[in-house]
Amino acid sequence: MGEIIETEVLTLIDSINGLKVELSGFRAEMKEFKKIMNKRIDDLERKNMQCQGNPSLCANARRLDEHIRNDNGRLGRTLGIIGCVLSCISVGIVVVGKLIK
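Note that the structure is predicted; figures quoted are calculated from it, not measured.

Helix and strand content of the chain: 3 helices and 0 strands. Counting from the amino terminus, helix and strand elements in the chain follow one another as α-α-α. For a compact globule of 101 residues, the expected C-alpha radius of gyration is about 13 Å, and the chain comes in at 36 Å, more than 25% above that figure. C-alpha atoms of the chain, sized along the principal axes, occupy 105 × 50 × 15 Å. Put simply, the chain has 101 residues, and 2% of those count as buried. With 16 positive and 13 negative side-chain charges, the chain shows a separation of 21 Å between the mean positions of the two kinds.

Structure below.
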């Protein structure tokens, strides 16, 4: 009976040692992953700061700048007129409805 307990204890110790080795490897992988992620975040922050300082470096800022330069306001003016006409028609219908009652 003592040999069985001793064998189980040795097996348990071997299992614990194996887990320690696996945990050590996992920690090393997590440290490497953290280092890579920190580098990527630093690169993104650096690019973001460069984009804020010089919008010509940022593709989205270039597109937005191009859109603003090419906008002549015609579409906004047209939509404003259409909105005004629809509002006037709506008010007219309400007024005529009230007068008929």
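Over its 12 residues, helix 2 (residues 59–70) extends 16 Å from the first C-alpha to the last, a length consistent with the 16 Å expected when each residue adds 1.5 Å. Among the 12 residues in helix 2, 0 count as buried, and that is only a small part of the element.

We now examine the environment of K47. Summarising the element assignment, K47 is placed in helix 1 (residues 2–53). A C-alpha to C-alpha distance of 8.3 Å links K47 and C58, two positions 11 residues apart in sequence.

One rule of thumb: low pLDDT means the predicted coordinates there are not for detailed reading. When pLDDT is averaged across the chain, the result is 86; 98% of the residues are at 70 or more. Model confidence for the chain, summarised as mean pLDDT per element, is weakest for helix 2 at 79 and strongest for helix 3 (residues 74–100) at 91.

Side chains of L75, L79, I81, I82, V85, L86, I89 and I93 sit close together on the surface and give an oily, nonpolar patch of about 800 Å² of accessible area. Checked against the element boundaries, L79 lands in helix 3.

Looking now at the environment of Q52. Within the secondary structure layout, Q52 lies in helix 1. The exposed category is assigned to Q52, whose relative accessible area is 55%. Residues Q52 and I89, spaced 37 residues apart in sequence, show a C-alpha to C-alpha distance of 46 Å.

Bringing the state of the cysteines into the picture now. Taken as a whole, this structure holds 0 disulfides when the rule is applied. C84 takes part in no disulfide bond, and the closest cysteine sulfur to it belongs to C88, at a distance of 4.2 Å.

Conventions adopted
Residues numbered from 1 in each chain as written. Predicted model: local features only at pLDDT ≥ 70, side-chain atom pairs only at ≥ 80, totals over all residues. Heavy atoms only, no water. Helix = DSSP H or I, 4+ residues; strand = E, 2+ residues; numbered from the N terminus. Rg over C-alpha atoms; globule rule 2.2 N^0.38 Å. Buried < 20%, exposed > 50% of the residue type's maximum accessible area, 1.4 Å probe, protein only. Lys, Arg positive; Asp, Glu negative; His and termini not counted. Charge placed at Lys NZ, Arg CZ, Asp CG, Glu CD. Expected span 1.5 Å × (residues − 1). pLDDT = per-residue confidence, 0-100. Patch = residues over 30% accessible without salt bridge, like charges linked within 9 Å, V, L, I, M, F, W, Y side chains within 5 Å. Areas by Shrake-Rupley, 256 points an atom, 1.4 Å probe, with all protein chains shown as cover. Salt bridge = Lys/Arg side-chain N within 4 Å of Asp/Glu carboxyl O. Disulfide = S-S within 2.5 Å.

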